[in-house]
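Architecture and fold: a report
Each chain is listed here by its residues.
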Amino acid sequence: MERRDQPQTLGALVASGYRPQSVRAEMRRNLLRRLATNDALIPGIIGYDDTVIPEIENAILAGHHIVFLGERGQGKSRIIRGLMGLLDPLVPAIEGCAINDEPTAPVCSVCRRRRAAEGDALPITWITPDQRYGEKLATPDVSMADLVGEVDPIKVAEGRYLADEDTIHFGLIPRTNRGIFAVNELPDLTEKVQVGLFNLMEEKDVQIKGYKIRLPLDIVILASANPEDYTSRGRIITPLKDRFDVQIRTHYPRTLDEEIAIVDQEVAVFERADLPIRVPVFMKEIVAQLTMEARASSEINQASGVSVRVTINNFETLVSNAEKRAVRLGEPEIVPRLTDLPAMTASTAGKVELEYGGEDKSEGDLVERLINRAVSKIWEKYLGLEHCERIVAHFEAGWGVEVSDRMRAEEYQEGLRQIPGLGDAVARLVGPVESPGLLAAATELVLEGLHLHQKLNKEREGGRTTYRA
Ligand SMILES: [Zn+2]
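What comes next is a walk through the structure. In this text, all values refer to a predicted model and were calculated from it rather than measured experimentally. (Residues numbered from 1 in each chain as written. Predicted model: local features only at pLDDT ≥ 70, side-chain atom pairs only at ≥ 80, totals over all residues. Heavy atoms only, no water.)

Section: the overall build of the protein
Each helix and strand in the protein was counted, giving 20 helices and 16 strands. Over its C-alpha trace the protein gives a radius of gyration of 30 Å, far above what one expects of a compact globule, namely 23 Å for 469 residues. Projected onto its principal axes, the C-alpha coordinates of the protein cover approximately 100 × 55 × 40 Å. For the protein, buried positions account for 51% of its 469 residues. Contacts in the protein between residues far apart in sequence, at least 24 positions, make up 76% of those at least 6 positions apart. As displayed, the protein has an accessible area near 21900 Å², and 48% of this comes from carbon and sulfur atoms. Separation between the mean location of the 58 positive side-chain charges and that of the 73 negative ones in the protein comes to 3 Å. (Helix = DSSP H or I, 4+ residues; strand = E, 2+ residues; numbered from the N terminus. Rg over C-alpha atoms; globule rule 2.2 N^0.38 Å. Buried < 20%, exposed > 50% of the residue type's maximum accessible area, 1.4 Å probe, protein only. Contact = heavy atoms within 4.5 Å. Areas by Shrake-Rupley, 256 points an atom, 1.4 Å probe, with all protein chains shown as cover. Lys, Arg positive; Asp, Glu negative; His and termini not counted. Charge placed at Lys NZ, Arg CZ, Asp CG, Glu CD.)

The structure is reproduced here in structure tokens:
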């Protein structure tokens, strides 16, 4: 469907059999088509198939304004933008209109006059979904002028009266007419702007500088908010809250596999520094588990939440730390391992809000505790003490093993040869592989798990760690 193949004047448009449709009807029609063909409502959304998606489908079919409630990093913005996919690829609008007026029934005074004057010759333009989508991050600085409009002093100076609709410079919402307007963090709008938004949604009019202008816009409003902010008294004016027909609660991934699937989708690392990247499954699981531990931690403010971006950024950090090692030591592959985990402190700390308690709390210590919990769980998943008895016996005979994020992967081979049972434990983690990097990573997990289960002591000196019984 090319723009140039479409009718270019009102007369040609009407002659083509064109029937105007509201945004709601258009979104409904496109959703019904997808339901009939089993196409995804929003591609790339993981973990919401049985929870959020069915609720969105019902809301769209019912023609509702939606508010999405969820903590940070639950994909709310992605869902909202994804719903643009329910708009037609091209719809006609009156050329030059600031508010995308529908050609057969224009709303703004300029278009109404032009239609009367130009008749069938009125020029038509064809607009795309992104031209019919607007979004605004709500802050206390967002004004009525931004969202609704203001009097244009230049037009007033040209001799128009203030009460004349022609003097208005339309804001973001009217400019999204016949489309979708999204307000992120809705409770951060001032009460005055909330009233303006309500009037637009409910009364179909706008008040600008005391003048009421009728503006029957055709817009689906989607909003997002943190649940605690939304329900706090006084943050949202009641009539506006009532105007949102449905609240849809988003959530974090419910399983480790979903958390990892999101990382795999968002971080496409196949090769860096011309070297292959091999990430052991258990390393991905540790990174995802760390986030899950953070979401369950009483030391972290759970009202703001722990974003999936923590997992994504930690994973990127881990790969980067491993990349540095590979480049410095001239190794043939990039393999993240446990001694890279402390590097994640920097990518975790800024994304979680600590709860205020009586004691002094350091983000670094907290991240270390979370890492330990995550490593412990993943170690138990694959190993457990019953698979490590011979290894422990060897250490009890007085042996020690040194590891470091600066050591060559080959240096771990000697321990694998000398410590009875270590090879078997490592094989449980990575299978029968030849890769020195994977073997080194698995060796570190075996030893650290034994330390976390009080079977080995751990001494740190400089960048090196020594495990002993
Ligand atoms: Zn217009």
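Details of the sheet that holds strand E10 (residues 219-225)
Strand order in the open sheet formed by five strands is E4-E7-E10-E1-E11, and the pairing between neighbours is parallel. The strands lining the two open edges of the sheet, one partner per strand, are strand E4 (133-137) and strand E11 (246-249). Averaged over neighbouring strand pairs, the angle between their axes works out to 20° when direction is ignored. Direction of pairing for strand E1 (residues 66-69) relative to E10: parallel, over a ladder of four bridges. (Pairing = 2+ DSSP bridges. Axes fitted to C-alpha atoms, helices over the stretch in contact; angles between N-to-C directions.)

Digging into the pairing of strand E8 (residues 205-208)
For E8 and strand E9 (residues 211-214), the ladder comprises four bridges, and the chain directions are antiparallel. From the neighbouring strand, Val206 faces E9, where its bridge partner is Ile213. In this antiparallel pair of consecutive strands, E8 and E9, the connection spans two residues, and Lys209 shows a positive phi of 50°.

Things to note about the packing of helix H2 (residues 23-37) against helix H3 (residues 52-62)
Taken N-terminus to C-terminus, the directions of H2 and H3 make an angle of 135°; their axes are 8 Å apart at the nearest point. For the element pair H2 / H3, the angle class is oblique. Of the two elements, H2 crosses H3, and the hand of that crossing is left-handed. Here Met27, Arg28, Leu31, Leu32 and Leu35 of H2 lie close against H3, whose contacting residues are Glu57, Ile60 and Leu61. Among the residues making up the contact of H2 with H3, the classes are represented as six nonpolar, no polar and two charged. (Parallel < 35°, antiparallel > 145°, perpendicular 65-115°, else oblique. Left-handed = near helix turned anticlockwise from the far one by under 90°. Nonpolar A, V, L, I, M, F, W, Y, C, P; charged D, E, K, R; others polar.)

Some points on helix H12 (residues 256-266)
Among the residues of H12, those classed as buried are Leu256, Glu259, Ile260, Ile262 and Val263. End-on view of H12: buried residues confined to an arc of 155°, all on one side of the axis. Buried residues along H12 sit in contact with helix H13 (281-295), helix H14 (308-329) and helix H16 (363-382). (Arc of directions from axis to C-beta.)

Points about the side chain of Asn199
Along the chain, the position of Asn199 falls in helix H9 (residues 191-202). Residue classification places Asn199 among the buried residues on the basis of a relative accessible area of 16%. When near neighbours in sequence (up to four residues on either side) are disregarded, Asn199 contacts Lys204 and Asp205.

Details of the coordination of the zinc ion
Looking at the zinc ion, one finds its protein donor set to be Cys97 (SG), Asp101 (OD), Cys108 (SG) and Cys111 (SG), positioned 2.1 to 2.2 Å from the metal centre. Every donor counted, the four donor atoms about the zinc ion form angles of 99 to 127° at the centre, which fits tetrahedral coordination. Along the chain, the residues that donate to the zinc ion are spaced as C-x3-D-x6-C-x2-C. One end of the pair, Cys97, is in the loop between strand E2 (91-94) and helix H5 (109-118); the other, Cys111, is in helix H5, and 14 residues separate them in sequence. Considered together, Cys97 and Cys111 belong to a single accessibility category, that of buried residues. (Donors = N, O, S within 2.8 Å, 3.2 Å for Na, K, Ca; no water. Tetrahedral: all angles 85-135°; square planar, octahedral: opposite > 155°, others 65-115°.)

What about the pattern of salt bridges?
The tally for this structure, following the rule as stated, stands at 25 salt bridges. The closest approach of N and O atoms between Arg249 and Glu71, which form a salt bridge, is 3.0 Å. On the criterion of sequence distance, the pair formed by Arg249 in strand E11 and Glu71 in the loop between E1 and helix H4 (76-82) is long-range, its members being 178 residues apart. Take Arg249: its relative accessible area is 41%, and that puts it in the partly exposed class. As a salt-bridge pair, Glu410 and Arg408 come within 3.6 Å of each other at their nearest N and O atoms. (Salt bridge = Lys/Arg side-chain N within 4 Å of Asp/Glu carboxyl O.)

A closer look at the sheet that holds strand E14 (residues 400-404)
In a beta sheet, neighbouring strands pair by backbone hydrogen bonds and run either parallel or antiparallel. Strand order in this open sheet of three strands is E14-E16-E15, and the pairing throughout is antiparallel. A single partner strand is all that each edge strand has here, and the edge strands are E14 and strand E15 (457-461). On average, each strand axis in the sheet is tilted by 25° relative to the strand beside it, whichever way the strands run. Note: E14 against strand E16 (residues 464-468), five bridges, orientation antiparallel. Opposite Val403, over in E16, you have Thr465 as the bridge partner.

These figures come from the coordinates and say nothing about function on their own.
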